[in-house]
Amino acid sequence: MQGEVEDIELQLLLEALYQRYHYDFRHYARASIKRRALQARAQLGYSSISAMQEALLHDPSVVPRLLNYLTVQVSEMFRDPSYFRALREKVIPHLKTYPSLKVWVAGCSHGEELYSLSILFHEEGLGQRTIFYATDINPDALRAAEAGIYPAALIQKYTENHQKSGARSSLSDYYTADYGHAAFDKTLSRNVVFSDHSLVTDAVFAEMHLISCRNVLIYFDRDLQDRALGLFRDSLARRGFLGLGSKESLRFSKFAGAFEDFVREDKIYQKLER
Amino acid sequence: MTDTAIKAVAIGASAGAVQTLLRILPSLPARFPLPVLIVVHVPPDRDNALVALFADKCALAVKEAEDKEQAVGGTIYFAPSDYHLLVEADGFLALSMDEPVNHSRPAIDVLFESAADSYQSGLMGIVLTGANHDGAAGLRAVAQAGGQAIVENPATAETSAMPEAALAACPDARIRDVEGIVSILLELA
Ligand SMILES: C[S@@+](CC[C@H](N)C(=O)[O-])C[C@H]1O[C@@H](n2cnc3c(N)ncnc32)[C@H](O)[C@@H]1O
């Protein structure tokens, strides 16, 4: 009973967020968005989801705070090192044949994945000819990504991951440590365009050679996954590459036929010619 | 209490999980009609070895839960390491990378609370051995939704803290030794 009321409240909250501010969470995987809405309610101190919805409708300053609960900012540099190793060993040799490259990191969170790729491309001699597009819907996350500053306590893990990805340099070449933080080198973000872009509501904006979108689709329902995957297909150049998170796949998608496995165990796909 | 109404079984276990599950899962017959969803706390970097371990020993199909797959009867699903496992309203499974809950990812509470939401009174939740309190809030949610709450007897569990915490949160839960849990499950078969 209580659960049923909460489901209605949640639906109304997401509807309000969409109609008033155009953030569309209506087709996110429900169980997990519900957990996060309940968490937001408790932590932001509202008596109910409806009370939070009322505040949201009348006070735009609630939006960024709510977004920080509804979007999940969990990331890591070189997370799943084997993914980055596979890019390095199997995808990079193809990319080297292009005079200029475009890489899209969709759902970039605080930039961990972006800097990982940027370092990898520098190590492989492609840094100069690559433009990265780092997009997200969370403005706080985008700002953090642009800054590229991480708690020093995380660096050891990042360094281990980087080494396991087949590193050709030391991670410490790319940051300066200071007061408990590691600030990544601006040369890594010089060729990066940071921008607000939603896989739910926005369109194709450039032709990409590689799209890395990890642990974002997992939060969508099947229809929304299809929407995003259609967008990726349309954004990719001929024979372009798509990398997903280690527990994501095209298996249940109607666009499965638009791609073929390139490195199966690391969820790297290549767009088929049509 | 009509056991026939049960649509799924959710199990949570931590320290001592493998030994305990080895005394339970291989006893389930191939005709077991329900999905069995399991969260075991395993270190994030360890690739989940549970599937390989149990696949050989069980009559049921054993697999790692995949995002967006339908949970079907006669199958044991383990949460992958470093992801939460959730159940959606229609009985589809979902994974998430949300922050750890009770210092754990996967967390038992996340599975139990979402499964209770989905299966309502059709869920049986079982909290086994463990050294923390994950699963306590989840089991309470199972009971509140009208489902069946079962806790391994802390006196005979490999590690008692987790069953004790579950009982404190959900005092009406049935308390059973491992053998008793096996019989309850066999009644569902
Ligand atoms: C779990 S993080 C993944 C970060 C990183 N890609 C990784 O795998 O480590 C998910 C990110 O997706 C973003 N996101 C959520 N919905 C989105 C949408 N509709 N369009 C683009 N990004 C979205 C969130 O703000 C968050 O930064």
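Residues numbered from 1 in each chain as written. Chains lettered and ligands numbered in written order. Predicted model: local features only at pLDDT ≥ 70, side-chain atom pairs only at ≥ 80, totals over all residues. Heavy atoms only, no water.

Structural notes on the overall build of chain A
Right, on to step 1. The helix and strand inventory of chain A stands at 9 helices and 10 strands.
Right, on to step 2. Whereas a compact globule of 274 residues would reach a radius of gyration of roughly 19 Å, chain A reaches 19 Å, a difference of no more than 12%.
Right, on to step 3. Based on the C-alpha atoms only, the size of chain A along its principal axes is roughly 55 × 55 × 30 Å.
Right, on to step 4. Across the 274 residues in chain A, those meeting the buried criterion constitute 53%.
Right, on to step 5. Put simply, of all contacts in chain A between residues at least 6 apart along the chain, 75% involve residues at least 24 apart.
Right, on to step 6. In chain A, 34 positive and 35 negative side-chain charges are present, and the distance between their average locations comes to 5 Å. (Helix = DSSP H or I, 4+ residues; strand = E, 2+ residues; numbered from the N terminus. Rg over C-alpha atoms; globule rule 2.2 N^0.38 Å. Buried < 20%, exposed > 50% of the residue type's maximum accessible area, 1.4 Å probe, protein only. Contact = heavy atoms within 4.5 Å. Lys, Arg positive; Asp, Glu negative; His and termini not counted. Charge placed at Lys NZ, Arg CZ, Asp CG, Glu CD.)

Focus: helix H3 (residues 108-119) of chain B
Residues and elements named next belong to chain B.
Right, on to step 1. The terminal C-alpha atoms of H3, which comprises 12 residues, lie 16 Å apart, in line with the 16 Å expected from a rise of 1.5 Å per residue.
Right, on to step 2. Buried residues dominate H3, accounting for 10 of its 12 residues.
Right, on to step 3. A positive backbone phi angle near 50° is found at glutamine 120, which sits one or two residues after H3. (Expected span 1.5 Å × (residues − 1).)

Topic: the domain arrangement of chain A
Residue and element names in this part refer to chain A.
Right, on to step 1. Annotation of chain A at the domain level lists domain 1 (2-70) and domain 2 (81-271).
Right, on to step 2. Placing the centre of domain 1 and that of domain 2 at their C-alpha centroids yields a distance of 29 Å.
Right, on to step 3. In this assembly, 12 residues from domain 1 lie in contact with 11 residues from domain 2.
Right, on to step 4. When domain 1 packs against domain 2, close to 990 Å² is buried across both sides, 55% of that on carbon and sulfur atoms.
Right, on to step 5. Remark: the boundary between domain 1 and domain 2 carries 0 salt bridges.
Right, on to step 6. For the pair domain 1 and domain 2, the interface holds 4 residue pairs in polar contact (both at pLDDT 80 or more).
Right, on to step 7. Looking at the side of domain 1 that touches domain 2, the elements that each hand over two or more residues are helix H2 (30-44) and helix H4 (62-70).
Right, on to step 8. The residue makeup of the side of domain 1 that touches domain 2, split by class, is 6 nonpolar, 4 polar and 2 charged. (Domains from an automatic or database assignment. Buried area = accessible area lost by both parts, 1.4 Å probe. Salt bridge = Lys/Arg side-chain N within 4 Å of Asp/Glu carboxyl O. Polar contact = N/O pair within 3.5 Å; in protein donor to acceptor, adjacent residues only side chain to side chain. Nonpolar A, V, L, I, M, F, W, Y, C, P; charged D, E, K, R; others polar.)

Structural notes on the site of the ligand
Residue and element names in this part refer to chain A.
Right, on to step 1. Lining the immediate surroundings of the ligand are 21 residues, of which Tyr28, Gln73, Ser75, Glu113 and Asp136 lie closest.
Right, on to step 2. Measuring from a nitrogen atom of the ligand, one finds a side-chain N or O atom of glutamate 113 at 2.5 Å.
Right, on to step 3. Backbone polar atom of arginine 214 to an oxygen atom of the ligand: 3.0 Å apart, as the coordinates give it.
Right, on to step 4. Burial of the ligand by the protein amounts to 98% of the accessible area it has alone, namely 600 Å².
Right, on to step 5. At a threshold of 2 Å from the grid points, most atoms of the ligand map onto the largest cavity.
Right, on to step 6. Looking at the shell around the ligand, its residues break down into 9 nonpolar, 9 polar and 3 charged. (Near = heavy atom within 4 Å. Areas by Shrake-Rupley, 256 points an atom, 1.4 Å probe, with all protein chains shown as cover. 1 Å grid on protein atoms, 1.4 Å probe; cavity = no way out; pocket = protein on both sides within 12 Å on 5 of 7 lines; lining within 4 Å. Sits in = over half its atoms within 2 Å of the grid points.)

Concerning the environment of Tyr150(A)
Residues and elements named next belong to chain A.
Right, on to step 1. By secondary structure assignment, the location of tyrosine 150 is in strand S3 (residues 149-151).
Right, on to step 2. Among the residues examined, tyrosine 150 registers a relative accessible area of 3% and is labelled buried.
Right, on to step 3. Taking the C-alpha atoms as reference points, tyrosine 150 and glycine 180, separated by 30 residues in sequence, lie 8.7 Å from one another.
Right, on to step 4. Residues in contact with tyrosine 150, not counting those within four places in the same chain, are His110, Gly111, Glu112, Tyr115, Tyr158, Gly180, His181, Ala182 and Phe184.
Right, on to step 5. Within polar-contact distance, the side chain of tyrosine 150 engages the backbone oxygen of histidine 110 at 2.6 Å.

Examining the layout of surface pockets
Right, on to step 1. Considering only enclosed or pocket space, the largest pocket measures out at about 1,200 Å³ in volume.
Right, on to step 2. Residue lining of the largest pocket: 40 residues in total, with Glu6(A), Lys34(A), Leu38(A), Glu113(B) and Asp117(B) positioned closest to the centre.
Right, on to step 3. Looking at the lining of the largest pocket, the elements with two or more residues in it are helix H1 (2-21), H2 and H4 of chain A together with strand S5 (84-87), H3 and helix H4 (136-144) of chain B.
Right, on to step 4. A total of 8 residues in the lining of the largest pocket trace back to one element, the largest contributor, which is H2(A).
Right, on to step 5. Of the residues belonging to the lining of the largest pocket, the class tally is 15 nonpolar, 11 polar and 14 charged.
Right, on to step 6. Taken as a whole, the second largest pocket spans an internal volume of roughly 990 Å³.
Right, on to step 7. Looking at the lining of the second largest pocket, the elements that each hand over two or more residues are helix H5 (81-95), helix H8 (155-164) and strand S9 (259-263) of chain A.
Right, on to step 8. When the residues that make up the lining of the second largest pocket are grouped by side-chain class, the tally is 11 nonpolar, 7 polar and 23 charged. (Points joined across faces, edges and corners; volume = space filled by probe spheres on them.)

A short note on the side chain of Asp67(B)
Right, on to step 1. Tracing the sequence through the fold places Asp67(B) in the loop between strand S3 (61-64) and strand S4 (75-78).
Right, on to step 2. For Asp67(B), a relative accessible area of 7% corresponds to the buried category.
Right, on to step 3. Separated by 3.0 Å, the side chain of Asp67(B) and the backbone nitrogen of Leu95(B) make a polar contact.
Right, on to step 4. Other than its neighbours up to four places away in sequence, Asp67(B) contacts Ile218(A), Gln225(A), Lys247(A), Phe252(A), Leu93(B), Ala94(B) and Leu95(B).

Remarks on the nonpolar core
All names here are of chain A.
Right, on to step 1. With 83 residues, the main nonpolar core has Phe25, Leu199, Phe220 and Leu242 as its most contacted residues.
Right, on to step 2. Each of domain 1 (2-70) and domain 2 (81-271) gives at least three residues to this core.
Right, on to step 3. In this view, phenylalanine 25 contacts Leu14, Leu17, Ile33, Leu67, Leu70, Thr71 and Ile137; residues no more than four positions away in its chain are not counted.
Right, on to step 4. Membership of the second largest hydrophobic core comes to 39 residues, among which are Ala86, Leu87, Ile155 and Val263. (Core = buried A, V, L, I, M, F, W, Y, C linked by side-chain atoms within 4.5 Å.)

Overview of the packing of H4(B) against helix H5 (residues 161-169) of chain B
Residues and elements named next belong to chain B.
Right, on to step 1. Look at H4 against H5: their axes get within 8 Å of each other, and the N-to-C directions meet at 40°. Between H4 and H5, the interaxial angle falls into the category oblique. Along this stretch, H4 crosses H5, giving a crossing that reads as right-handed. In this structure, H4 contributes Ala136, Leu139 and Arg140 to the contact, and H5 contributes Ala165, Ala166 and Ala169. (Axes fitted to C-alpha atoms, helices over the stretch in contact; angles between N-to-C directions. Parallel < 35°, antiparallel > 145°, perpendicular 65-115°, else oblique. Left-handed = near helix turned anticlockwise from the far one by under 90°.)

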